[in-house]
Structures are given as C-alpha cells and as structure tokens.
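Take a look at the letters that make up each chain.
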Amino acid sequence: MRVRVYIGRTPDTARERIALREQALTLVRSARQLPREGTCTVVFDITAGADLPLARIDLLILRATAVIVGALRSYTGPIDAPPGGVWRDRASGQPILEADGTHPLHRLRQQRDAVQMSLNAAAARLGIAATNPHPFQQVTGVLIGFPALPADSRISLDVDDHRDHLKVCSFNELPGVAAMSHSGVKLSDEVIDAIAATLFGSRLWYDDRFLFELAPPRFHLAIHQSGSPPESVPLYEGETIVGRRKSPKANERRIPVLNDDLVSSDHLYITCGDDETVVIRDASRNGTWVTRPDGSAEHLRHATGAIFAGTRLRLGTTDLVLERV
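Residues numbered from 1 in each chain as written. Predicted model: local features only at pLDDT ≥ 70, side-chain atom pairs only at ≥ 80, totals over all residues. Heavy atoms only, no water.

Q: Explain the sheet that holds strand β7 (residues 140-145) to me, using residue names and the numbers behind them.
A: With mixed pairing, seven strands are arranged side by side in an open sheet as β9-β7-β4-β3-β2-β1-β10. Of all the strands in the sheet, just β9 (166-170) and β10 (203-207) have a single pairing partner and so form its edges. Averaged over all adjacent pairs, the angle separating strand axes in this sheet is 25 degrees, with direction ignored. Inspection of the sheet shows strand β4 (residues 66-73) paired to β7 by six bridges, in the parallel sense. In the strand pairing of β7, I68 is matched with T140. Across the sheet, helix α1 (residues 14-32) lies against β1 (2-7), β2 (39-47), β3 (56-63), β4 and β10, angled at about 55 degrees from β10, the strand it touches most. (Pairing = 2+ DSSP bridges. Helix = DSSP H or I, 4+ residues; strand = E, 2+ residues; numbered from the N terminus. Axes fitted to C-alpha atoms, helices over the stretch in contact; angles between N-to-C directions. Contact = heavy atoms within 4.5 Å.)

Dropping the structure here:
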C-alpha cells in the first residue's frame with residue numbers, strides 16, 4: 001500500500017516534531033505490510049471548525065473508501081472500560097477523562113462530527129456527485145493508543161458506539177482499521193488531495209520520502225578528510241548516524257564517511273534538539289576522540305556525551321567540527 005503523509009500545523013518544539021516524524025514512519029511501515037493495493041493518505045494536526053481546542057484534530061486518514069478521524073492518546077497502565085461506563089486506570093481506580101472533563105469517546109465523537117460536517121459542506125466543491133446532499137455518512141472515529149494501548153487493557157464498546165462507527169486500537173493497528181473501514185463514498189486520489197491540501201490546509205510532507213524538514217538546522221558538521229576539500233553537512237532535529245555505511249536504512253539520516261577504514265559502519269549517533277546541546281553516542285570499534293572548545297579532550301567509546309558548537313570529533317583519521325548555522 002502506498003502511503004502519503006500531509007501535515008497541517010507544525011509542532012512548536014523539537015521533541016514534538018521528532019515524535020511526529022516517528023509517528024509518520026511507524027504508520028508508513030505498518031501500512032506497507034498490508035496485502036492491499038491503493039493509496040492511504042494520512043493528515044496530521046488539522047483544524048475542523050472554530051471551537052478550539054475541540055477543533056484540533058490529531059489525525060485524519062483518507063482512502064478511496066474510508067475516512068477516519070483519529071485521536072492520539074497515551075496511557076501509563078492497563079485500562080478497564082466497560083460498555084457505556086467510566087474508563088478507569090486499573091492500578092489507581094481513577095477515572096480517565098479528557099482535559100475538559102469529558103469521556104474519551106465523547107470528545108472523539110465531537111471531533112469526528114466536526115470533520116464530517118466540514119466534508120459534507122464541501123462535497124459539491126470537491127466534485128462529489130451524490131443524490132444525498134450529505135454523502136459522508138460513515139466517517140469513523142478511532143481513539144488510538146500511542147505507541148500502543150497498555151497490555152492487558154479491557155476495553156469494550158457498547159452497541160451504540162459500534163453503530164456510531166467508533167473504535168479503539170493501538171497505533172500500529174491503524175492501517176488495518178483503515179483498510180477495513182467504508183465511508184460509503186468513493187474518493188479519487190485528486191479528491192483526497194483536495195481534502196487534505198485545500199479543505200484542511202495541509203502540506204504534503206511524505207511521499208516515499210520526506211519532502212521537507214519541519215525545522216531548519218541549527219548546526220552543521222564541517223567534515224575534514226585527508227586529500228579532500230572540507231564539506232559542510234546540515235544536522236537536522238533528531239538523530240543522524242555517521243559512519244562508513246553509505247546507504248541509509250528506511251528513512252534514517254546518514255552522513256557517510258568514506259575511504260577511512262578506521263570508521264565503523266554506524267560509528268557515531270548525533271541527536272539535536274531545542275537547545276544548544278548536541279548529544280553524541282559512540283557505537284564504534286575504535287571510539288571517538290572529543291576535543292571541546294576549551295581544549296579538554298576525552299576518548300568516547302560505547303558511551304554517550306554532550307557537545308557544543310566548536311567541538312571537534314575525530315573518527316579514525318576524519319575530523320568533524322560542530323558549527324552553529
């Protein structure tokens with residue numbers, strides 16, 4: 001299954017942006033394992049309606065025959081949720097409620113209804129020919145445990161929830177739910193793109209690869225190798241791997257260091273966040289020499305450390321200098 005990912009609002013912090021990238025990649029990997037053809041379009045963080053924060057939608061999934069509104073939630077322990085009853089944390093017995101004090105499914109139903117109203121109001125503009133003036137009758141609402149629902153949770157929905165097309169699942173189960181859902185409307189790829197980009201104002205972010213970064217780089221590495229001119233490589237938020245292996249796995253960010261036999265395939269992991277600190281983790285055979293701006297030096301081997309702009313890293317015979325953009 002082909003997966004395309006759109007993004008509406010860009011998260012404010014590096015931690016949130018890094019998490020969103022991982023969420024997108026998790027969905028892509030899960031969807032590609034499904035034995036189905038066609039395209040699955042995922043839209044993160046959009047607005048439907050004017051009643052904020054209720055109008056903030058975590059996730060919208062669009063397929064030719066399915067429309068799903070998703071609410072992403074993280075829970076610390078097993079949940080007991082009887083049909084039509086109060087959801088409770090099993091360990092504490094405390095009720096599980098939304099920030100406004102409502103039942104999780106009540107909030108989900110409101111958000112699903114807001115998206116459904118927006119779609120029905122725009123159906124004619126989208127070119128959807130239907131005898132029913134409100135063709136989107138079966139938009140599904142899914143409460144999604146991220147990264148997964150706690151093990152041993154007991155969650156049962158009542159008959160009315162099922163009839164109202166509400167579901168609960170773990171994040172990696174979401175593509176399977178999308179594959180089995182049916183909205184009652186046949187959507188072309190052009191209409192799906194119009195819903196994502198025009199109706200909800202999102203941008204295409206991933207189509208077999210990420211098309212742009214969510215934030216500009218704050219640092220770059222100046223690479224100095226014997227016999228080669230210096231090279232400057234940007235360091236984006238999240239993790240970048242430096243090593244001899246040239247080809248990236250999946251969508252990892254890599255900086256290849258070639259023609260240096262003392263450099264391991266995955267020698268050094270570099271992580272950038274919101275502040276001026278960059279975290280490095282050595283995973284090599286020979287280690288990494290770290291010389292900080294004050295002249296202090298250490299040999300890092302199978303260990304983690306923090307570095308700042310002006311730090312020089314030596315991998316084998318290759319020097320890397322961390323510089324502020």
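Q: So, the side chain of D45: which residues are in play, and what are the values?
A: Residue placement: D45 occurs in strand β2. Beyond its immediate sequence surroundings of up to four residues, D45 is in contact with G8, R9, R56, I57 and D58.

Q: Which residues make up the pattern of salt bridges, and what are the values?
A: Evaluation of the coordinates by the stated rule reveals 30 salt bridges. A salt bridge links D208 to R32; the nearest nitrogen and oxygen atoms lie 3.3 Å apart. You can see D208 sitting in the loop between β10 and β11 (219-224) and its partner R32 sitting in helix α1, a full 176 residues away along the chain. In this structure, the salt-bridge partner of E252 is R245, at a minimum N-O distance of 3.0 Å. Here the salt bridges share partners, and the residues they tie into one network are D58, R73, E98, D100 and R107. (Salt bridge = Lys/Arg side-chain N within 4 Å of Asp/Glu carboxyl O.)

Q: Summarise the sheet that holds strand β8 (residues 154-155); cite the residues concerned and give the values.
A: Spatially, three strands are ordered β6-β5-β8 in an open sheet, and the strand pairing comes out mixed. Of all strands in the sheet, those with a lone pairing partner are β6 (88-89) and β8, marking the two edges. As paired strands, strand β5 (residues 79-81) and β8 are joined by two bridges and run parallel to one another. Directly across from D80, in β8, lies its bridge partner R154.

Q: Can you lay out the state of the cysteines for me, pointing to particular residues and giving the numbers?
A: What the rule picks out here adds up to zero disulfides. Its sulfur unpaired, C40 is 12 Å from the next cysteine sulfur, which belongs to C169. In this structure C169 comes out as buried when scored by relative accessible area, which is 4%. (Disulfide = S-S within 2.5 Å. Buried < 20%, exposed > 50% of the residue type's maximum accessible area, 1.4 Å probe, protein only.)

Such coordinate-based values are descriptive only and should not be taken to indicate function.
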